[in-house]
Amino acid sequence: MVQALTKLVTFDEFIAWYPENSERRYELHDGVIVEMPKGTGQHSEVSGFLNIEAGILCRAARLPYFLPKECVLKPDRDESGYEPDVIVLDRQQVINEPRWAAESIITMGSSVRLAVEFVSTNWQTDYLTKLRDYEEMGIFEYWIVDYLGLGGRRYIGNPKQPTISVYQLVEGEYELTQFRGGDRIKSAAFPELNLTAQQVFDAGIINE
């Protein structure tokens, strides 16, 4: 990651600072504005594939969900703000969001059915900081897609291998299930999902 600014700022200062029509993505991490690294080709393929699959499921099941082009999550703390790689919002809940219509800001975890982060070299942020903040917000389901097996061994095991960690909110706390290789991903947000972890890692390519 490359820090865009070093001055500590609040969430509202971050939103006011955010350049309009920016080709780059930024997040606020503990008061520091951070420029998110440009994704690799594989990162773009995997995240794009999952976006498409989630959209197809929403339409096929006629779910009141949508995938916004832009969205900033504001945790309970005022020093951070995130843009998940994939986010699925509940249209019936978003109408209660005070900052959505004007600013595309989500402040309530109940508005989010699924948030997905794809791991890059900054894996600590996904496994530690965002996990904590998404749980505190009450986000229903959070996936960490570690398609290169970059996370710490305490998170993805030893030896390291590509892993999808699915955290589901149960009585206010996340419960973890992990999927690798040919494991079929089980999602409470999308019970009809019919994908293996490897299909996600391969961006939908079925290996012969």
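Attention here is on the structure that accompanies the text.

About the criteria used
Throughout this description, residue numbers start from 1 for each chain and increase along the sequence as written. It should be noted that, the model being predicted, local features are given only for residues of pLDDT at least 70 and side-chain atom pairs only at 80 or more, the latter also being counted only at that level, while totals for whole chains, interfaces and linings use all residues. Hydrogens and water are ignored here; the side-chain numbers use all heavy atoms of the structure. Of the two site types, the cavity is a set of points on a 1 Å grid over the protein atoms alone where a 1.4 Å probe fits but cannot get out, and the pocket is an open set with protein on both sides within 12 Å along at least five of seven lines, each lined by residues with an atom within 4 Å of a point. Grid points are joined across faces, edges and corners, and a volume is the space filled by probe spheres set on the points. Helix numbers and strand numbers start at the N terminus; a helix is a DSSP run of H or I with at least 4 residues, a strand a run of E with at least 2. Here the term charged refers only to Asp, Glu, Lys and Arg, the term nonpolar to Ala, Val, Leu, Ile, Met, Phe, Trp, Tyr, Cys and Pro, and the term polar to all other amino acids, Gly among them. For our purposes a nonpolar core is just a set of buried Ala, Val, Leu, Ile, Met, Phe, Trp, Tyr and Cys residues, chained together by side-chain atoms within 4.5 Å. Residue burial is assigned from relative accessible area. The probe radius is 1.4 Å, only protein chains are included, and a residue is buried under 20% of its type maximum, exposed over 50%, and partly exposed in between. By definition in these notes, contact holds between two residues if any of their heavy atoms fall within 4.5 Å. Only when DSSP finds a minimum of two bridges between them are two strands counted as paired. A helix is expected to reach a length of 1.5 Å times the quantity of its residues less one. Working definition for bend: take the seven residues up to and ending at a residue and the seven starting at it, fit an axis to each, and measure the angle between the axes. Only Phe, Tyr and Trp rings take part, Trp by its six-membered ring, and two of them pair if their centres are within 6.5 Å. Stacked means planes under 30 degrees apart, edge-to-face means over 60, and tilted covers everything else. Charges are assigned to positions over rings by a cutoff of 6 Å between ring centre and Lys NZ or Arg CZ, combined with an angular limit of 35 degrees from the ring normal.

Turning our eyes to something else, we now look at the layout of surface pockets. The space that makes up the largest pocket amounts to roughly 1,400 Å³. Around the largest pocket sit 46 residues that line it, and Tyr 18, Arg 24, Arg 25, Lys 69 and Glu 83 are the ones nearest its centre. When residues of the lining of the largest pocket are traced back to their parent elements, those giving at least two are α2 (41-60), β6 (86-90), β8 (112-118) and α5 (123-137). When residues in the lining of the largest pocket are grouped by element, the largest group, five residues, is from α2. Tallied by class, the residues present in the lining of the largest pocket amount to 18 nonpolar, 13 polar and 15 charged.

Examined against the element boundaries, Pro 159 turns out to sit in the loop between α6 (153-156) and β10 (163-170). Residues Pro 159 and Ile 185 lie 26 residues apart in sequence; the distance between their C-alpha atoms is 21 Å.

To continue, consider the nonpolar core. If you look at the biggest cluster of nonpolar residues, it comprises 26 residues, and the most contacted ones within it are Trp 143, Val 145, Ile 164, Phe 190 and Val 200. Of all the secondary-structure elements, those providing two or more residues to this core are α2, β6, β8, β9 (141-146), β10 and α7 (197-201). Element by element, the count of residues in this core is highest for α2, at six residues. In this structure Val 200 touches Val 46, Phe 49, Leu 50, Val 145, Ile 164, Ile 185 and Leu 195, once residues within four positions along its chain are discounted. Among the nonpolar cores identified, the runner-up in size contains 24 residues, and Ile 106, Tyr 134, Ile 139 and Tyr 174 belong to it.

A few words now on the pairing of β6. Taken across its five residues, β6 has five buried, putting it largely inside the fold. Here strand β4 (residues 65-66) runs beside β6; their pairing, made up of two bridges, is antiparallel. By the bridge assignment, Phe 66 is partnered in β6 with Leu 89. Where β6 lies against β8, four bridges are found, and the strand directions are antiparallel. Note that in β8 the partner of Val 86 across the bridge is Val 116.

A word on α5. Its 15 residues give α5 an end-to-end C-alpha distance of 20 Å, which sits within 8% of 21 Å, the value for a rise of 1.5 Å per residue. In the structure, α5 departs most strongly from a straight axis at Lys 130, where the bend amounts to approximately 40°. Looking one or two residues past α5, Gly 138 carries a phi angle of roughly 85°, positive in sign.

This next bit is on the pairing of strand β2 (residues 26-29). What you see with β2 is no split at all: Tyr 26 and Leu 28 on one side and Glu 27 and His 29 on the other are buried throughout. Between the end of β2 and the start of strand β3 (residues 32-35), which pair antiparallel, lie two residues, with Asp 30 showing a positive phi angle near 50°.

This brings us to the packing of aromatic side chains. Throughout the structure, instances matching the rule amount to 15 aromatic pairs. With 4.9 Å between their ring centres and 85° between their planes, Trp 17 and Tyr 26 make a pair best called edge-to-face. Geometrically, the ring pair formed by Tyr 142 and Tyr 167 is stacked, given 6.0 Å between the ring centres and 25° between the ring planes. With Tyr 142 in strand β9 and Tyr 167 in strand β10, this residue pair connects regions lying 25 residues apart in the sequence. Comparing Tyr 142 with Tyr 167, the two get one shared label, buried. One Lys or Arg, Lys 74, reaches over the ring of Phe 11 and ends 5.6 Å from the middle of that ring.

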